[in-house]
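Summary of the model geometry
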Amino acid sequence: MSQAPSPVLPSVNGWNADYLDAQHRRYLDDPDSVPPDLRLFFQGFDLAAASAPPAGLTPSSASPRTAAAPPTAPQVETFGGPDGSVQAAVDHLINAYRRLGHMCAQIDPFGRERETPTALLPEYFGFTDAHLDQPFHLGTLGKHHGQTALPLRRIIEILDTTYCSTIGVEIDHITNITERLWLKDRIETVHCNRPTFGPERKRRIHEQLTRAEGWETFCHKRYPGVKRFSLEGGETLVPMLLRALDSAADDYAVAEIVLGMSHRGRLNVLTNVVGKPYAKVFTEFEDLWDEVEQDGGTGDVKYHRGYSANHVSERGKDIWIALASNPSHLESVGPVALGRCRAKQRLRGDQTRDKVIPILLHGDAAVIGQGVVAETFNISQLDGYTVGGTVHIVVNNLVGFTTGPDDGRSSRYCTDFAKQIEAPVFHVNGEDPEAAVHVMQLALDYRMRFHKDVVVDVVCYRKHGHNESDEAAFTQPKLYAEIKRKPSVLKVYAEALAREGVVTADDAKAVHDQINTELDSALSKAREAPEDPTPDPGHRRWVGLTNEWDFTPVRTAVTREDLLEISRAFAEWPDHFTPHPKVAKLSKARANAIAEDKDLDWALAEQLAIGSLLIEGTIVRMSGQDSCRGTFSQRHAVLVDHQTAERHTPLNFIREQGVAGTEKEVGSVNEEGKIRQAKYCIYDSPLSEFAVLGFEYGFSLASPNMLTLWEAQFGDFANGAQVIFDQFIASAEAKWFRWSSLTVLLPHGYEGQGPEHSSARIERFLKLCGANNMQVAVPTTPAQYFHILRRQVLRRFRKPLILFTPKSLLRLPACVSTPAELIDGHFHEVLDDPAFVGAKPKQREAVNRLILCTGKVYYDLLRRREESGRDDVAIARVEQLYPLKLDALREVITSYPKAELVWVQEEPQNAGAWGHMCLSFRQKLDLDLPYIGRATSPSPAVGSPRKHREELDAFLTEAIGPVTEAEPTAKPARAKQSKATTKKTTRKSKQQAA
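Here the structure is a predicted model, which means the values were calculated and not measured.

1. Some words on the environment of Ala 691
With respect to the element layout, Ala 691 can be found in helix 22 (residues 690-701). For the pair Ala 691 and Gly 720, spaced 29 residues apart in the sequence, the C-alpha separation amounts to 9.5 Å. Apart from the residues within four sequence positions on either side, Ala 691 is in contact with Pro 335, Val 372, Glu 375, Thr 376 and Ile 379.

2. Digging into the pattern of salt bridges
Scanning the entire structure with this criterion turns up 60 salt bridges. Where Glu 531 meets Lys 525, a salt bridge forms, and the shortest distance between an N and an O atom there is 3.1 Å. Where salt bridges share partners, they join Lys 856, Asp 860, Arg 863, Arg 864, Glu 867, Glu 906 and Asp 953 into one cluster.

3. Regarding the side chain of Lys 856
By the element assignment, Lys 856 lies in the loop between strand 20 (849-853) and helix 29 (857-868). In this structure the side chain of Lys 856 is engaged in a polar contact, spanning 2.9 Å, whose partner is the backbone oxygen of Tyr 750.

4. Here we look at the packing of helix 6 (residues 199-222) against helix 9 (residues 278-285)
To characterise two packed helices, one gives the angle between the axes of the helices and the distance between these axes. Close contact between helix 6 and helix 9 brings their axes to 13 Å; oriented N to C, the two are set at 25°. The angle between helix 6 and helix 9 falls in the class roughly parallel. The chirality of how helix 6 crosses helix 9 is right-handed. Contacts between helix 6 and helix 9 involve Arg 211, Trp 215, Phe 218 and Cys 219 from the former and Tyr 278, Val 281, Phe 282 and Phe 285 from the latter. Classifying every residue of the contact of helix 6 with helix 9 gives seven nonpolar, no polar and one charged.

5. Observations concerning the pairing of strand 18 (residues 801-805)
With respect to burial, strand 18 is a largely interior element, five of its five residues being buried. Both faces of strand 18 are covered, namely the face carrying Leu 801, Leu 803 and Thr 805 and the face carrying Ile 802 and Phe 804. As defined by bridge partners, strand 16 (residues 743-747) adjoins strand 18 across five bridges and the pair is classed as parallel. For Pro 747, the partnering residue across the bridge sits in strand 18 and is Thr 805. Inspection of the sheet shows strand 17 (residues 775-777) paired to strand 18 by three bridges, in the parallel sense. Its bridge partner lying in strand 18, Val 776 is registered against Ile 802. Assessed by its sense of winding, the connection that carries the chain from strand 17 through helix 26 (residues 782-794) to strand 18 is right-handed.

Conventions and cut-offs
Residues numbered from 1 in each chain as written. Predicted model: local features only at pLDDT ≥ 70, side-chain atom pairs only at ≥ 80, totals over all residues. Heavy atoms only, no water. Helix = DSSP H or I, 4+ residues; strand = E, 2+ residues; numbered from the N terminus. Contact = heavy atoms within 4.5 Å. Salt bridge = Lys/Arg side-chain N within 4 Å of Asp/Glu carboxyl O. Polar contact = N/O pair within 3.5 Å; in protein donor to acceptor, adjacent residues only side chain to side chain. Axes fitted to C-alpha atoms, helices over the stretch in contact; angles between N-to-C directions. Parallel < 35°, antiparallel > 145°, perpendicular 65-115°, else oblique. Left-handed = near helix turned anticlockwise from the far one by under 90°. Nonpolar A, V, L, I, M, F, W, Y, C, P; charged D, E, K, R; others polar. Buried < 20%, exposed > 50% of the residue type's maximum accessible area, 1.4 Å probe, protein only. Pairing = 2+ DSSP bridges. Right-handed = clockwise from strand over helix to strand, strands pointing away.

In short, shape yes, function no, at least from these values alone.
What follows is the structure, given as C-alpha cells:
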C-alpha cells in the first residue's frame, strides 16, 4: 500500500500576519507543535532577530534595569509596523526572559548589580514608553495569571519577578519538550516563582536557621581556631536539606536518602540534618575517644566522617539518612554515594528508584574543577549506573581555597557542566531562605517525576577563610570587606519575620536560648562520659559478618552436578537468537568441558565460579570498560546476536531466577527442589575509572553478601582511579570503620608490548597494605582463580580483594585446571613446586636453588627449567602477597634444606613484589631474599620486543641457566612429569595446607 502524500502547505509569502503570530506563539511554547517548514522558518527568524537587534533608544521608564551599554543601532519601532508584529515582539520578549533572565537575576548575596543582557531591554524589541500601557496577549504566560492580555508594563513586572528575582532559571538547554514545559509551568505558576509560605513554615525555617547559626557560634566560641570548615554564610543549606527530607518522606514515601558531601558545613549537616548527637561530635572536639586502642583503627578528623540515622518528617514519617564518609578529595564521594544508593535500591527491590534517592552537595570551586564530576554526570543515565536521578546542591561560596571564579573556571557558572546531560539548573540567592526552600522543593519534584539529575546553585559566601585559622583577606580583600559588613541571613530573616508579625524578638530569643542550652548540656555530657563517635560498620545486612582476618580455609568446592548444570547454559540460547559463529563454537566447547572432563581455561573457570554463586542465591555484579566480552575476547559473558544485536547472558538462564531485588535471592525453590538462582548483572562501563570504580566501591558498602567486581581494561588503567584506591578501598576501614568486599581485577603481565598495559603496579598496592586491610593476590591457575572468587563471598569476614589477572595466560596451554580441582580443594596462598610435591626427602635435599615467584613469570621459569634440563631447581609460587601466610611459606622453604633461596620477578627491581617480600622475610622470617630480575627502571617496561626478549632471557639464565644446545634427555620426562603430576601434587599441596 502506497503512503499517503503529505499535505501541501502554503508558501511563506502566502501566510498572513495573524496566522504567523498565532503559529509563532505555538512555536515558542513547543517547537514540535508546528509543521517542520514553519519550525525552520521560526528558527531562522529568531536567529536573525537575536543577531541584529532592532532597537536604539536610550533606557527609559520602559526598562526597569540599566544595560551595561545602550544599543546604538537606528531606532526601529516594531518588526514591521502592523500590530501583529508588535505582538510578535512581545512574544519574543517573553521568550527572551525565559532564556536569559538568569543572567541578571538577583542571586548575589551582597546585592551587587549584574549586567543585564541587551536582549532583555524593551528597547531591543523596538518598544517605547508609548507601548507600556498597551495591552498585549500573554500567550501561555497568561494562563498562570488568569488573564489573556495585560499592559506591557505589567507583563515586564511579571517577567522580572519570575525570572530576574532571587531565583535564576536555566532550562532552555533541555531538548525534551515535556520536561521543559513542566518546568516552565511550575516556575510561572507559583506566584511568579515566589513562594507564599504560611506562618508555620516561616517559623520552621527560622528555627532551622537558628540551629544552623547557633551550632557554628557555639563551636567558634568554645573551640576558637579549631578547624571545622563552618557553614557560616551558607546556613540556608540546613532548611533546604530538611525540606528535601520532609517532602521526600511525606509526599513521595521515600524510605532512605544517601547523602554525599565534602567537609564545608559537614558538622552542621551531621548534627542538624542527619541527626548525629551533639555529644558524639563534642567527644571528637575534646579528643576524648582513643580509637586506635578501642577500635583498632586510626580514625579520621571529625569533618570527614559519615553517619546514618533515622529522621522523622513533619508529618511523622520515618526516613533513613546515610551520609557517606569522605576524604579531603572533595568530589570523590559523588560516585561512591551513588553506588551505595544503587545497591540499596537493588536490595529493596526498588525498580522505579523512588524508595532510595541520592543528594550530593558540592563546592563551587571543586564541582567545576574536578573531572570526576563530569564522569559521574556521564554515567547518571546509563543502564548499569543510573540511580533514577540525583539532586545536586552547590554551596557556592564565590571562592575556592584562595582562588576566585576568574581563575577557577572558563564558564559563566560553576554549574555549566550540568548542561552536558541537560539537567535543569536553578540559581538561588542564599540570603533568601524562602526562595531557597522553594527551589529545593521544585528540584525534588522534578527528580521524582522525571528520574533525572537536577542542580541547585545556592549562591552564598564563606564567612571565614578556607578554615577558621585562615586569613582570607590576604587574597580576597574586597570580598571579605563585604563579608565583614554583612549581617547574617538569620538576622535579616528574623527582622523580616518580626515586621510581618510572624516571629517576635522574644520568640527568636527563646529559640536561641533553647538551642544553646541543648549544646551546653551535650558538651558537659561529653566531658563527663565521652560517647563513641564512630558509626557501626553496617546495619542489618552486616549482621554475622566481621572484619577480623582469618586464614582458616572455607569450603569453596562445588559438586560435579552443579558444574554440569552451569556449563549446559553456555550453549543454550533462544531459538531466534544467532550468536557469532566463532562465539557459538566457543560456547559449545565450554558447555561440553565438564561432561568430557577437559581442561578448563581461565575464562571458563571464572564463569563457573560466578555461575556457582548464582545458583547458591548470591547476586554477582561486574562492570568495566569491556567486561561483557572481555578485553582479550576471553569472557563472552554476554552473547550478541550476529544479525539483530540482541543480547543474551547465559548465566542468567541456568535455572529459574528468584525474586529480583532481594539481597540473597534464596527465598524459594523451584519444582525440582533447587534454589532459584540469583541474577548476574554485568555491564560495559564508559571510558572512566575514577567514577566507575568509586561507584562499585560504594555499591559494595551496602551489599556485603553480593560479589561486586570492577575490572580494568588493562591493569595500569587503575592509575586513573588512584584516589579511590588510596582514600577509600585501602584506608576506609581504618579511618571510618567502613567494610567492603569489592573485588578488583587488574590484567597484568609482561609480554613485550611496551610500557603501557604491562604493569598494574603491584608495588603500589602492596605499599597500601597494613593491618590486614585488604588482600592482594596473583593466582596462576584457573582453579586458584575459581576458589578465590568464591572465597570472597563465602567467608564470614569482608576485605577488599585486589586480583592481578593474566593476559597471555588466558590462552597458554600450560595454564589450565581440571574439573576435579574445582570439585575438590580450596584456594592456596602458597603453591609448592608440583614436581616435588610427594617427593622423598632425598629428592628435596638435592635441590640447590629454591625460586620464589608470583604470577606469569612462573610459566617462563618452568619452561626454562625444562629447556635447560635442570632438576635441582624448585619453583614455588606465592599466590597471595598480602596478607602473607607465613607458616605455609616457612613450610615450603624448610622442606628444601640445602637450597639457596631467591626471588624472581619479571617487573623491574623497584617495582613488582620483591620490595614487599624482602622486607617481610627479614622482619617475619629472619631471612634474606636475594633478587633476580630486571634492573630498576622509571618505566614499567621497555618498548622494544627484541629488548624485552633479551631481558627475559638474561634473568631466566641467571635464575636457572641457559637453554642447552642439544635436547636434554631429561627434558621430555620432566615436561611430562610436570603436567602429569599437576593434579596429584596440587591435591597433596591442598592436604598439606589444610
